[in-house]
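Tertiary structure, described
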Amino acid sequence: MAAELHVELVAADRSVWSGEATLVVARTTSGDIGIMPGHQPLLGVLESGPVTIRTSEGGTVIAAVHGGFISFADNKLSLLAEIVELADEIDVQRAERALERAKSDADAAAERRAEIRLRAVAVL
């Protein structure tokens with residue numbers, strides 16, 4: 001069994017992160033899933049939420065992912081989403097303002113996006 005897997009985290013407008021990892025945790029429509037090297041092939045639908053990538057160098061990459069797909073085969077994991085934001089790119093104050101604005105506008109979708117951004121930052 002391989003000790004690492006290759007990960008591609010891609011948004012509709014850019015490649016967000018690419019590299020080797022030992023573990024990736026994401027939320028699918030079937031629940032949370034952890035992918036390690038040698039995992040069975042899979043294809044699934046991503047729920048909006050934080051994705052955690054444990055890199056081969058011992059670091060951690062956290063991203064807020066807003067829907068998409070997950071695919072794993074031959075120790076290659078692809079996470080494809082319309083919107084992906086790395087936790088260290090998220091402006092916490094802006095996300096908090098967006099959450100308050102969404103609540104006052106009763107905009108459930110915007111509220112969910114802001115909450116996911118804040119959850120991704122909180123994982124750091």
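Labelled according to an unreviewed UniProt entry, the protein appears under the name ATP synthase epsilon chain, originating from Streptomyces arboris. Recorded in UniProt under Sequence similarities (unreviewed entry), the annotation for the protein is "Belongs to the ATPase epsilon chain family."

Attention shifts here to the domain arrangement of the protein. When the domains of the protein are assigned, the result is domain 1 (3-84) and domain 2 (90-120). Put simply, the middle of domain 1 and the middle of domain 2, counted by C-alpha atoms, are 23 Å apart. At the junction of the two partners, domain 1 supplies nine residues and domain 2 supplies seven residues. Both faces considered, domain 1 and domain 2 share a buried interface measuring about 630 Å² in area, 68% of it formed by carbon and sulfur atoms. When the buried surface of domain 1 facing domain 2 is broken down by residue, Pro50, Ala64 and His66 rank first, second and third, together holding 56% of it. Inspection of the region where domain 1 meets domain 2 yields zero salt bridges. Taken together, the connections running from domain 1 to domain 2 amount to one residue pair in polar contact (both at pLDDT 80 or more). Elements that contribute at least two residues to the side of domain 1 that touches domain 2 include exactly strand S5 (49-55) and strand S6 (60-66). Here the element with the most residues in the side of domain 1 that touches domain 2 is S6; it accounts for five residues. Grouping the constituent residues of the side of domain 1 that touches domain 2 by class yields five nonpolar, three polar and one charged.

What counts, and at which threshold
Numbering of residues starts from 1 in each chain and follows the order in which that chain's sequence is written. This being a predicted model, a pLDDT of at least 70 is required before a residue's local features are given, and a value of 80 or more before pairs of side-chain atoms are given or counted; all residues contribute to the totals for chains, interfaces and linings. Excluding hydrogens and water, the side-chain values take into account all heavy atoms of the structure. UniProt positions are given in the numbering used here, feature names are shortened, and annotations may be inferred rather than shown by experiment. Residue ranges for the domains trace back to a domain assignment, done automatically or taken from a database. Throughout, a contact is declared for two residues whenever any of their heavy atoms are within 4.5 Å. In short, buried area is how much 1.4 Å probe accessible area vanishes from two parts on joining, totalled over both. When a carboxyl oxygen of Asp or Glu is within 4 Å of a side-chain nitrogen of Lys or Arg, the pair counts as a salt bridge. Identification of polar contacts relies on pairs of N or O atoms within 3.5 Å, with a donor-acceptor requirement for protein atoms, meaning one able to donate a hydrogen and the other able to accept it, and with residues adjacent in sequence counted only if both atoms are side-chain atoms. Numbering goes from the N terminus for both helices and strands, where a helix is a DSSP run of H or I of at least four residues and a strand is a run of E of at least two. Each residue is assigned to one class: nonpolar for Ala, Val, Leu, Ile, Met, Phe, Trp, Tyr, Cys and Pro, charged for Asp, Glu, Lys and Arg, and polar for all the others, Gly among them.

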